[in-house]
Amino acid sequence: MKTISEHVLDIVQNSVRAKATLIEIIVNENKENNLYTLVVKDNGCGMPEEILRQSTNPFFTSRKTRKVGLGLSLLKQNAEGANGSFTIDSVPGEGTLVKAVFQKSHLDRPPLGDIWNTWYYTLLSNPEIRLIYKHCTGAGSFEIDSKEIFDMLEGVSLSQKEVREAVIEMIINNLKELEVIN
Amino acid sequence: MTKIKTVADLKRIKDEVQSKIKLRENSDHPEQIVQVKVGMATCGIASGAKETMKYFVDELEQQAIDAVVTQTGCMGYCYAEPTVEVTLPGKDAVVFGYVNKEKAEEIIDVYIKRGELIDGVIPITFKTIDD
(Lines give C-alpha, C1' and ligand atoms only; values in the text may rest on other atoms or scores of the structure.)
Protein backbone atom coordinates (compact mmCIF):
# COMPACT_ATOMS: atom_id res chain seq x y z
CA MET A 1 0.00 0.00 0.00
CA LYS A 2 1.38 3.35 -1.02
CA THR A 3 -0.56 5.61 1.33
CA ILE A 4 -2.13 5.66 4.78
CA SER A 5 -5.51 6.20 3.14
CA GLU A 6 -5.18 2.95 1.17
CA HIS A 7 -4.36 1.10 4.37
CA VAL A 8 -7.43 2.64 6.00
CA LEU A 9 -9.66 1.69 3.06
CA ASP A 10 -8.39 -1.86 3.49
CA ILE A 11 -8.46 -2.19 7.29
CA VAL A 12 -11.95 -0.68 7.51
CA GLN A 13 -13.24 -3.56 5.39
CA ASN A 14 -12.35 -5.86 8.29
CA SER A 15 -14.60 -3.79 10.53
CA VAL A 16 -17.38 -3.87 7.93
CA ARG A 17 -17.16 -7.65 7.78
CA ALA A 18 -17.20 -7.74 11.59
CA LYS A 19 -20.65 -6.07 11.39
CA ALA A 20 -19.52 -2.90 13.11
CA THR A 21 -22.02 -0.05 13.41
CA LEU A 22 -19.40 2.48 14.49
CA ILE A 23 -15.93 2.83 13.00
CA GLU A 24 -13.48 5.48 14.10
CA ILE A 25 -10.42 6.38 12.08
CA ILE A 26 -8.02 8.52 14.07
CA VAL A 27 -4.77 9.94 12.75
CA ASN A 28 -2.56 11.71 15.23
CA GLU A 29 0.54 13.58 14.13
CA ASN A 30 2.90 14.66 16.86
CA LYS A 31 5.88 16.80 15.94
CA GLU A 32 7.33 16.84 19.43
CA ASN A 33 7.82 13.13 19.85
CA ASN A 34 8.03 12.58 16.07
CA LEU A 35 5.21 10.05 16.00
CA TYR A 36 2.48 9.49 13.44
CA THR A 37 -0.26 7.25 14.77
CA LEU A 38 -3.13 5.60 12.93
CA VAL A 39 -5.93 4.04 14.95
CA VAL A 40 -8.90 2.17 13.50
CA LYS A 41 -11.42 1.29 16.15
CA ASP A 42 -14.71 -0.53 15.68
CA ASN A 43 -17.56 -1.99 17.71
CA GLY A 44 -17.82 -5.11 15.57
CA CYS A 45 -17.90 -8.71 16.66
CA GLY A 46 -14.24 -8.80 17.70
CA MET A 47 -12.27 -12.03 17.72
CA PRO A 48 -11.09 -14.59 20.21
CA GLU A 49 -7.48 -14.84 21.33
CA GLU A 50 -6.44 -17.64 18.97
CA ILE A 51 -7.66 -15.78 15.89
CA LEU A 52 -6.23 -12.48 17.12
CA ARG A 53 -2.81 -14.08 17.42
CA GLN A 54 -3.04 -15.21 13.79
CA SER A 55 -4.38 -11.91 12.46
CA THR A 56 -1.05 -10.51 11.24
CA ASN A 57 0.04 -13.82 9.79
CA PRO A 58 -0.11 -13.30 6.00
CA PHE A 59 -1.06 -16.93 5.52
CA PHE A 60 -4.10 -16.64 7.72
CA THR A 61 -7.49 -15.33 6.63
CA SER A 62 -11.10 -15.87 7.58
CA ARG A 63 -12.06 -15.66 3.91
CA LYS A 64 -12.99 -18.59 1.77
CA THR A 65 -12.11 -17.01 -1.57
CA ARG A 66 -8.34 -17.16 -1.14
CA LYS A 67 -5.69 -18.46 1.18
CA VAL A 68 -3.80 -15.33 2.12
CA GLY A 69 -4.75 -12.32 4.23
CA LEU A 70 -2.41 -9.43 3.73
CA GLY A 71 -4.28 -6.36 5.02
CA LEU A 72 -3.02 -6.26 8.59
CA SER A 73 0.29 -7.88 7.67
CA LEU A 74 1.09 -5.09 5.21
CA LEU A 75 0.16 -2.38 7.69
CA LYS A 76 2.35 -4.00 10.35
CA GLN A 77 5.21 -4.29 7.90
CA ASN A 78 4.91 -0.64 6.87
CA ALA A 79 4.74 0.57 10.47
CA GLU A 80 7.74 -1.47 11.56
CA GLY A 81 9.61 -0.44 8.41
CA ALA A 82 9.13 3.19 9.44
CA ASN A 83 10.67 2.59 12.85
CA GLY A 84 7.25 2.23 14.45
CA SER A 85 5.09 -0.44 15.98
CA PHE A 86 1.82 -2.25 15.43
CA THR A 87 -0.72 -3.54 17.92
CA ILE A 88 -4.14 -5.08 17.62
CA ASP A 89 -6.52 -5.60 20.52
CA SER A 90 -9.89 -7.26 20.34
CA VAL A 91 -12.63 -8.27 22.71
CA PRO A 92 -15.21 -10.71 21.35
CA GLY A 93 -18.59 -9.01 21.26
CA GLU A 94 -17.14 -5.56 21.91
CA GLY A 95 -14.87 -4.63 19.06
CA THR A 96 -11.36 -4.33 17.76
CA LEU A 97 -8.68 -1.65 17.91
CA VAL A 98 -5.87 -1.56 15.39
CA LYS A 99 -3.01 0.82 16.09
CA ALA A 100 -0.08 1.51 13.81
CA VAL A 101 2.62 3.90 14.94
CA PHE A 102 5.14 5.34 12.47
CA GLN A 103 8.12 7.58 13.00
CA LYS A 104 6.70 10.79 11.52
CA SER A 105 9.91 11.93 9.85
CA HIS A 106 10.86 8.47 8.57
CA LEU A 107 11.38 8.31 4.80
CA ASP A 108 9.38 5.11 4.58
CA ARG A 109 6.36 6.45 6.47
CA PRO A 110 3.63 6.43 3.81
CA PRO A 111 2.02 9.79 3.02
CA LEU A 112 -1.60 10.35 4.05
CA GLY A 113 -3.01 10.14 0.52
CA ASP A 114 -6.60 10.92 -0.44
CA ILE A 115 -8.21 10.03 2.87
CA TRP A 116 -11.31 12.05 1.87
CA ASN A 117 -12.01 9.55 -0.92
CA THR A 118 -11.47 6.69 1.51
CA TRP A 119 -14.02 8.16 3.90
CA TYR A 120 -16.50 8.97 1.13
CA TYR A 121 -16.32 5.66 -0.76
CA THR A 122 -16.47 3.58 2.39
CA LEU A 123 -19.58 5.49 3.41
CA LEU A 124 -21.13 5.25 -0.06
CA SER A 125 -20.98 1.45 0.18
CA ASN A 126 -21.88 1.25 3.87
CA PRO A 127 -24.25 4.14 4.65
CA GLU A 128 -25.64 2.30 7.68
CA ILE A 129 -22.29 2.43 9.46
CA ARG A 130 -21.40 5.48 11.47
CA LEU A 131 -17.98 6.44 10.17
CA ILE A 132 -15.88 8.97 12.03
CA TYR A 133 -12.59 10.35 10.80
CA LYS A 134 -10.52 12.44 13.12
CA HIS A 135 -7.18 14.05 12.40
CA CYS A 136 -5.14 15.69 15.14
CA THR A 137 -1.96 17.70 14.84
CA GLY A 138 -0.19 20.08 17.18
CA ALA A 139 -2.10 22.89 15.45
CA GLY A 140 -5.55 21.50 16.23
CA SER A 141 -7.90 18.82 15.09
CA PHE A 142 -10.61 18.07 12.57
CA GLU A 143 -13.41 15.56 12.83
CA ILE A 144 -16.07 14.42 10.40
CA ASP A 145 -18.89 12.18 11.58
CA SER A 146 -21.14 10.50 9.02
CA LYS A 147 -24.09 10.73 11.40
CA GLU A 148 -23.80 14.50 11.52
CA ILE A 149 -23.55 14.62 7.71
CA PHE A 150 -26.59 12.37 7.14
CA ASP A 151 -28.67 14.29 9.71
CA MET A 152 -27.81 17.52 7.92
CA LEU A 153 -28.60 16.07 4.46
CA GLU A 154 -32.19 15.28 5.50
CA GLY A 155 -32.64 12.67 2.81
CA VAL A 156 -30.68 14.34 0.03
CA SER A 157 -28.42 11.70 -1.46
CA LEU A 158 -24.76 11.60 -0.48
CA SER A 159 -24.02 10.58 -4.05
CA GLN A 160 -25.57 13.76 -5.43
CA LYS A 161 -22.72 15.44 -7.34
CA GLU A 162 -22.87 18.80 -5.55
CA VAL A 163 -23.04 17.11 -2.15
CA ARG A 164 -20.13 14.84 -2.93
CA GLU A 165 -17.97 17.69 -4.13
CA ALA A 166 -18.87 19.83 -1.13
CA VAL A 167 -18.14 17.09 1.42
CA ILE A 168 -14.78 16.32 -0.14
CA GLU A 169 -13.95 20.02 -0.41
CA MET A 170 -14.79 20.47 3.26
CA ILE A 171 -12.41 17.70 4.33
CA ILE A 172 -9.63 19.01 2.08
CA ASN A 173 -10.06 22.61 3.30
CA ASN A 174 -9.85 21.54 6.92
CA LEU A 175 -6.81 19.35 6.35
CA LYS A 176 -5.17 22.26 4.53
CA GLU A 177 -5.78 24.50 7.48
CA LEU A 178 -4.15 21.94 9.77
CA GLU A 179 -1.26 21.89 7.27
CA VAL A 180 -1.73 18.15 6.90
CA ILE A 181 -1.79 18.62 3.13
CA ASN A 182 -0.69 21.50 0.90
CA MET B 1 -18.10 31.92 -2.91
CA THR B 2 -16.77 31.22 0.53
CA LYS B 3 -14.82 28.12 1.29
CA ILE B 4 -16.69 25.10 2.61
CA LYS B 5 -15.29 24.41 6.03
CA THR B 6 -18.07 23.46 8.38
CA VAL B 7 -21.20 21.35 8.38
CA ALA B 8 -23.17 24.61 8.27
CA ASP B 9 -21.46 25.45 4.97
CA LEU B 10 -22.38 21.99 3.71
CA LYS B 11 -25.97 22.57 4.69
CA ARG B 12 -26.06 25.71 2.55
CA ILE B 13 -24.91 23.67 -0.46
CA LYS B 14 -27.45 20.98 0.35
CA ASP B 15 -30.28 23.49 0.56
CA GLU B 16 -29.31 24.94 -2.83
CA VAL B 17 -29.21 21.47 -4.35
CA GLN B 18 -32.47 20.44 -2.74
CA SER B 19 -34.33 23.35 -4.23
CA LYS B 20 -32.90 22.67 -7.68
CA ILE B 21 -33.31 18.94 -8.07
CA LYS B 22 -36.23 16.66 -7.92
CA LEU B 23 -35.12 13.82 -5.70
CA ARG B 24 -34.17 10.86 -7.80
CA GLU B 25 -36.43 7.94 -7.23
CA ASN B 26 -33.74 5.31 -7.39
CA SER B 27 -35.14 3.14 -4.68
CA ASP B 28 -38.50 2.82 -6.44
CA HIS B 29 -36.99 1.19 -9.52
CA PRO B 30 -34.04 -0.83 -8.34
CA GLU B 31 -34.48 -3.23 -11.25
CA GLN B 32 -33.72 -0.48 -13.76
CA ILE B 33 -30.45 0.56 -12.26
CA VAL B 34 -27.03 -0.55 -13.42
CA GLN B 35 -25.07 -2.04 -10.54
CA VAL B 36 -21.30 -1.72 -10.48
CA LYS B 37 -19.35 -3.46 -7.73
CA VAL B 38 -15.65 -2.77 -7.45
CA GLY B 39 -13.51 -5.39 -5.72
CA MET B 40 -11.91 -3.55 -2.84
CA ALA B 41 -10.06 -5.97 -0.64
CA THR B 42 -6.31 -5.76 -0.08
CA CYS B 43 -5.59 -7.15 -3.55
CA GLY B 44 -7.92 -4.69 -5.28
CA ILE B 45 -6.76 -1.64 -3.37
CA ALA B 46 -3.10 -2.47 -4.00
CA SER B 47 -3.90 -2.64 -7.71
CA GLY B 48 -5.61 0.75 -7.82
CA ALA B 49 -9.28 -0.12 -7.23
CA LYS B 50 -9.88 3.23 -5.56
CA GLU B 51 -9.04 5.08 -8.80
CA THR B 52 -11.25 2.65 -10.72
CA MET B 53 -14.16 3.29 -8.35
CA LYS B 54 -13.66 7.04 -8.54
CA TYR B 55 -13.69 6.81 -12.33
CA PHE B 56 -16.96 4.86 -12.39
CA VAL B 57 -18.65 7.24 -9.93
CA ASP B 58 -17.54 10.36 -11.85
CA GLU B 59 -18.11 9.02 -15.35
CA LEU B 60 -21.51 7.37 -14.83
CA GLU B 61 -22.73 10.56 -13.23
CA GLN B 62 -21.23 12.68 -16.02
CA GLN B 63 -23.07 10.59 -18.61
CA ALA B 64 -26.27 10.60 -16.54
CA ILE B 65 -26.46 6.81 -16.36
CA ASP B 66 -28.63 5.56 -13.52
CA ALA B 67 -26.17 3.44 -11.61
CA VAL B 68 -25.10 2.43 -8.13
CA VAL B 69 -21.39 2.01 -7.55
CA THR B 70 -20.35 0.10 -4.44
CA GLN B 71 -17.41 -1.77 -3.02
CA THR B 72 -17.30 -5.47 -2.65
CA GLY B 73 -14.80 -7.89 -1.17
CA CYS B 74 -12.32 -10.16 -2.84
CA MET B 75 -13.92 -12.43 -5.41
CA GLY B 76 -10.93 -14.71 -5.54
CA TYR B 77 -9.50 -13.32 -8.78
CA CYS B 78 -6.60 -11.52 -7.13
CA TYR B 79 -4.39 -11.97 -10.17
CA ALA B 80 -6.81 -9.94 -12.27
CA GLU B 81 -7.41 -6.99 -9.93
CA PRO B 82 -8.93 -4.47 -10.08
CA THR B 83 -12.02 -6.54 -10.78
CA VAL B 84 -15.45 -5.07 -11.40
CA GLU B 85 -18.80 -6.82 -11.40
CA VAL B 86 -21.40 -5.17 -13.61
CA THR B 87 -25.07 -6.10 -13.45
CA LEU B 88 -27.23 -4.63 -16.19
CA PRO B 89 -30.98 -4.52 -15.48
CA GLY B 90 -32.49 -7.94 -16.10
CA LYS B 91 -29.18 -9.59 -16.90
CA ASP B 92 -26.71 -11.83 -15.10
CA ALA B 93 -23.75 -10.24 -13.39
CA VAL B 94 -20.55 -10.12 -15.42
CA VAL B 95 -17.11 -9.84 -13.84
CA PHE B 96 -14.36 -7.98 -15.67
CA GLY B 97 -10.69 -8.24 -14.78
CA TYR B 98 -7.75 -5.81 -15.02
CA VAL B 99 -10.06 -2.79 -14.95
CA ASN B 100 -7.93 0.33 -15.18
CA LYS B 101 -9.30 3.66 -16.42
CA GLU B 102 -9.10 2.66 -20.10
CA LYS B 103 -10.89 -0.61 -19.45
CA ALA B 104 -13.50 1.17 -17.32
CA GLU B 105 -14.15 3.60 -20.15
CA GLU B 106 -14.63 0.67 -22.54
CA ILE B 107 -16.97 -1.07 -20.09
CA ILE B 108 -19.14 2.04 -19.81
CA ASP B 109 -19.17 2.85 -23.53
CA VAL B 110 -19.60 -0.64 -24.91
CA TYR B 111 -21.12 -2.88 -22.25
CA ILE B 112 -23.18 -0.58 -20.07
CA LYS B 113 -24.42 1.75 -22.82
CA ARG B 114 -24.74 -0.67 -25.75
CA GLY B 115 -24.98 -4.02 -23.98
CA GLU B 116 -22.25 -5.60 -26.10
CA LEU B 117 -19.76 -7.83 -24.35
CA ILE B 118 -16.09 -7.00 -24.53
CA ASP B 119 -12.84 -8.82 -23.86
CA GLY B 120 -11.67 -9.30 -20.31
CA VAL B 121 -14.67 -11.11 -18.85
CA ILE B 122 -13.79 -13.62 -16.15
CA PRO B 123 -15.94 -16.69 -16.84
CA ILE B 124 -18.06 -17.75 -13.89
CA THR B 125 -17.05 -21.35 -14.47
CA PHE B 126 -13.47 -20.39 -13.73
CA LYS B 127 -11.98 -22.42 -10.91
CA THR B 128 -8.66 -22.06 -9.21
CA ILE B 129 -6.22 -24.92 -9.52
CA ASP B 130 -7.11 -26.11 -6.03
CA ASP B 131 -10.80 -26.59 -6.67
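Values in this document were obtained by computation on a predicted structure and should not be read as measured data.

### Things to note about the pattern of salt bridges
And then number 1: In the structure shown here, the tally under the stated rule is 19 salt bridges over all chains.
And then number 2: One salt bridge connects D151 of chain A with K147 of chain A, and the closest N-O pair in it is separated by 3.2 Å. With D151 of chain A and K147 of chain A both in helix 5 (residues 146–153), this residue pair falls 4 residues apart, about one helical turn.
And then number 3: Judged by relative accessible area, D151 of chain A falls into the partly exposed class, the value being 48%.
And then number 4: Take K147 of chain A: its relative accessible area is 42%, and that puts it in the partly exposed class.
And then number 5: Salt-bridge contacts for K113 of chain B lead to D109 of chain B; the nearest nitrogen and oxygen are separated by 3.8 Å. Separated by 4 residues within a single helix, K113 of chain B and D109 of chain B lie in helix 4 (residues 101–114), roughly one turn from each other.
And then number 6: Owing to a relative accessible area of 48%, K113 of chain B belongs among the partly exposed residues under this scheme.
And then number 7: Judged by relative accessible area, D109 of chain B falls into the partly exposed class, the value being 30%.

### Notes on the UniProt feature "domain: Histidine kinase" (unreviewed entry) in chain A
And then number 1: As recorded in UniProt, the sites labelled "domain: Histidine kinase" (unreviewed entry) are residues 1–106 of chain A.
And then number 2: Measuring from the first to the last C-alpha atom of residues 1–106 of chain A gives 16 Å, for a span that is 29% helix and 31% strand.

### Details of the environment of E143 of chain A
And then number 1: Its place among the elements puts E143 of chain A in strand 6 (residues 140–145).
And then number 2: Considered as a pair, E143 of chain A and I132 of chain A are 11 residues apart in the sequence and their alpha carbons are 7.1 Å apart.

### Regarding helix 3 (residues 49–62) of chain B
Residue and element names in this part refer to chain B.
And then number 1: With 14 residues, helix 3 should cover 20 Å at 1.5 Å per step; its first-to-last C-alpha distance of 20 Å lies within 8% of that length.
And then number 2: Within the span of helix 3, buried status applies to A49, K50, T52, M53, Y55, F56, V57 and L60.
And then number 3: Looking one or two residues beyond helix 3, the residue adopting positive phi is A64, at roughly 55°.

### Quick notes on the packing of aromatic side chains
What describes a pair of aromatic rings is the distance from one ring centre to the other and the angle between the planes of the rings.
All names here are of chain A.
And then number 1: Going through the model one piece at a time under the given rule, you end up with 4 aromatic pairs over all chains.
And then number 2: Arranged with centres 6.4 Å apart and planes meeting at 80°, the rings of Y36 and F102 form a pair that is edge-to-face. Remark: F102 occurs in strand 4 (residues 95–103) and Y36 occurs in strand 2 (residues 35–42); sequence separation between them is 66 residues. The pair Y36 / F102 is uniform in exposure class, with both members buried.
And then number 3: Taking 6.4 Å as the distance between ring centres and 75° as the angle between the ring planes, the aromatic pair formed by Y133 and F142 counts as edge-to-face.
And then number 4: Among the residues examined, F142 registers a relative accessible area of 6% and is labelled buried.
And then number 5: Across the ring face of Y36, the terminal group of R109 is positioned such that the distance to the ring centre comes to 4.0 Å.

### Some thoughts on the packing of helix 4 (residues 115–125) of chain A against helix 6 (residues 161–177) of chain A
All names here are of chain A.
And then number 1: Interhelical geometry of helix 4 versus helix 6 gives an angle of 145° and a closest axis separation of 9 Å. The element helix 4 and its partner helix 6 pack so that their crossing is right-handed. For the pair helix 4 and helix 6, contact is made by I115, W116, N117, W119 and Y120 and by R164, V167, I168, I171, I172 and L175, respectively.
And then number 2: In terms of residue class, the contact of helix 4 with helix 6 is built from 9 nonpolar, 1 polar and 1 charged.

### With respect to the sheet that holds strand 2 of chain A
All names here are of chain A.
And then number 1: One open sheet accounts for 6 strands, arranged 3-4-2-1-5-6; its pairing is mixed. Since the sheet does not close on itself, it has two edges, and those belong to strand 3 (85–91) and strand 6, each with one partner. For this sheet, the mean angle separating the axes of adjacent strands, direction not counted, is 10°.
And then number 2: Relative to strand 5 (residues 130–137), strand 1 (residues 22–30) runs parallel, the two being bridged by 7 bridges. Bridge pairing in strand 5 places V27 opposite H135.
And then number 3: Those strands touched by helix 4 are strand 5 and strand 6, and its axis lies near 165° from that of strand 5.
And then number 4: Across the face of the sheet, helix 6 comes into contact with strand 5 and strand 6 while running at roughly 165° to strand 6.

Rules and cut-offs
- Residues numbered from 1 in each chain as written.
- Chains lettered and ligands numbered in written order.
- Predicted model: local features only at pLDDT ≥ 70, side-chain atom pairs only at ≥ 80, totals over all residues.
- Heavy atoms only, no water.
- Salt bridge = Lys/Arg side-chain N within 4 Å of Asp/Glu carboxyl O.
- Helix = DSSP H or I, 4+ residues; strand = E, 2+ residues; numbered from the N terminus.
- Buried < 20%, exposed > 50% of the residue type's maximum accessible area, 1.4 Å probe, protein only.
- UniProt positions renumbered as here; feature names shortened; annotations may be inferred.
- Expected span 1.5 Å × (residues − 1).
- Phe/Tyr/Trp six-rings, centres within 6.5 Å; stacked < 30°, edge-to-face > 60°.
- Lys NZ or Arg CZ within 6 Å of the ring centre and 35° of its normal.
- Axes fitted to C-alpha atoms, helices over the stretch in contact; angles between N-to-C directions.
- Left-handed = near helix turned anticlockwise from the far one by under 90°.
- Contact = heavy atoms within 4.5 Å.
- Nonpolar A, V, L, I, M, F, W, Y, C, P; charged D, E, K, R; others polar.
- Pairing = 2+ DSSP bridges.

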